[in-house]
Amino acid sequence: MGDVLAGIHATWEFETDAVLIRFERGIRAPKLFQALRERRVPHEALASVTLSPGKRGTVVLHAVPRPGADPLMALADGQLKEGCDPYRLVLPADRETLAEYYADELRACLGPERGEPAERFLVAAPKPPLQFKAYDGKASFDGQNVSFRWFWTGASSAKWKAGDQSFAVSALSGVEWRSPDVLDGYLRLVRRDGGAGPVPPDQDPAAVLFGLGYGPVHESLPFAASVLQAVRDADRAVHVPVPVGAGRRDPADIAERIRHLGDLHRAGLVTDEEFTAKKAELLAEL
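Summarised in this report is the structure supplied together with it. (Residues numbered from 1 in each chain as written. Predicted model: local features only at pLDDT ≥ 70, side-chain atom pairs only at ≥ 80, totals over all residues. Heavy atoms only, no water.)

Turning next to the overall build of the chain. Along its length, the chain carries seven helices and 14 strands. Along the three orthogonal principal directions, the C-alpha set of the chain runs to about 60 × 60 × 30 Å. In the chain, of all internal contacts separated by at least 6 residues, the share reaching a separation of at least 24 is 59%. Accessible surface, the chain: about 15,000 Å² in total, of which carbon and sulfur atoms supply 52%. For the chain, the distance from the average site of its 35 positive side-chain charges to the average site of its 40 negative ones is 4 Å. (Helix = DSSP H or I, 4+ residues; strand = E, 2+ residues; numbered from the N terminus. Contact = heavy atoms within 4.5 Å. Areas by Shrake-Rupley, 256 points an atom, 1.4 Å probe, with all protein chains shown as cover. Lys, Arg positive; Asp, Glu negative; His and termini not counted. Charge placed at Lys NZ, Arg CZ, Asp CG, Glu CD.)

We now examine the sheet that holds strand 7 (residues 88–92). Taken in spatial order, the three strands line up as 5-6-7 in an open sheet, and their pairing is antiparallel. Each of the sheet's edge strands pairs with one partner strand only, and the pair in question is strand 5 (46–53) and strand 7. Strand-to-strand twist of the sheet, defined as the mean angle between neighbouring strand axes without regard to direction, takes the value 15°. Of the pairings in the sheet, the one linking strand 5 to strand 6 (residues 58–65) comprises seven bridges and is antiparallel in character. Bridge assignment links L51 to a residue of strand 6, and that residue is L61. (Pairing = 2+ DSSP bridges. Axes fitted to C-alpha atoms, helices over the stretch in contact; angles between N-to-C directions.)

With that settled, the discussion passes to the sheet that holds strand 10 (residues 145–150). Within a sheet, each strand pairs with its neighbour through backbone hydrogen bonds, oriented either parallel or antiparallel. Taking strand neighbours across the sheet as the criterion, the four strands line up as 8-9-10-11 in an open arrangement whose pairing is antiparallel. The open sheet is flanked by strand 8 (130–133) and strand 11 (165–168), the only strands paired with a single partner. The sheet shows a mean angle of 10° between the axes of neighbouring strands, taken without regard to direction. In this sheet, strand 10 lies alongside strand 9 (residues 137–141) in antiparallel orientation, the contact comprising five bridges. Among the inter-strand pairings, A139 is bridged to a residue of strand 10, identified as F148.

What the rule picks out here adds up to 13 salt bridges. We note a salt bridge from R88 to E82, for which the minimum N-O separation is 3.6 Å. For E176, the salt bridge is made with R188, and the minimal N-O distance between the two is 3.2 Å. Placement of the pair is E176 in strand 12 (residues 172–178) and R188 in strand 13 (residues 186–191), with a sequence separation of twelve residues. On the accessibility criterion, E176 (32% relative accessible area) is partly exposed. Taken together, the salt bridges that share partners define one network made up of E176, R188, R191 and D204. (Salt bridge = Lys/Arg side-chain N within 4 Å of Asp/Glu carboxyl O. Buried < 20%, exposed > 50% of the residue type's maximum accessible area, 1.4 Å probe, protein only.)

With that settled, the discussion passes to unusual backbone geometry. With omega at 5°, the peptide bond leading from P128 into P129 counts as cis. Its location among the elements puts P129 in the loop between helix 3 (96–107) and strand 8. Backbone geometry at R56 places phi at a positive 50°, although glycine is not the residue there. Considering the arrangement of structural elements, one finds R56 in the loop between strand 5 and strand 6. For R56, a relative accessible area of 80% translates into the label exposed. Residues other than glycine seldom take positive phi values, yet D77 does so here, at roughly 45°. Of note, D77 is situated in the loop between helix 2 (71–76) and strand 7.

Structure follows, in structure tokens:
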């Protein structure tokens, strides 16, 4: 395609294999849109496309992502307000015919996998470094480590006792995000070792609490999505499947994979144990 459809607070550009969504950064645009700036959504990341009447003389073009295709929407899990959904393009009602044309064109690009969950993230999360202020501490992510620095005015005695925290991406298995727009909102890191077990977020040193003005959606959700993307990328890098019966591999290919593994290890995305075990697996293929 290659055409552009400008709506309220966003513009969709229809590429050959994707939709490039550019968000308005004006004062009236939702803060989440301003924070995201733009997102490239491959056709394979979409499950469906609809066009429906909106409010006050508008129509809404809505692209629905496949489950598991977008880390941002996977974490939001239905918690976003309608007006903050980055997959909704609101247009004046007099552009309904044009919007219907693009909806049909986009539907024709959806593949047979549209009804299935995605096996990996297909839409990129916001890139680090990222940070935000929660109610009980400051959260920072540099791409390799997530850090929590506690505030004496909000952190519980349990968190003060544990001290400021730093978690390597390789030590995590996931992220939980509960919107600050509801009671008891929080961001919690899910540790591979299970941490201290099931404890409330206010007592968990792997979690930060949200509150009035603390951990707003446009800051905490992109942060959580970026961490989740890094966790999944690290996990995929370590657990690369080896085809059964593949036989002996090209030594140059093995050497390249070991060098890549070493880069991940030096970056802190792979533990010493994981590096040693995976390197042994690769050498065994020679």
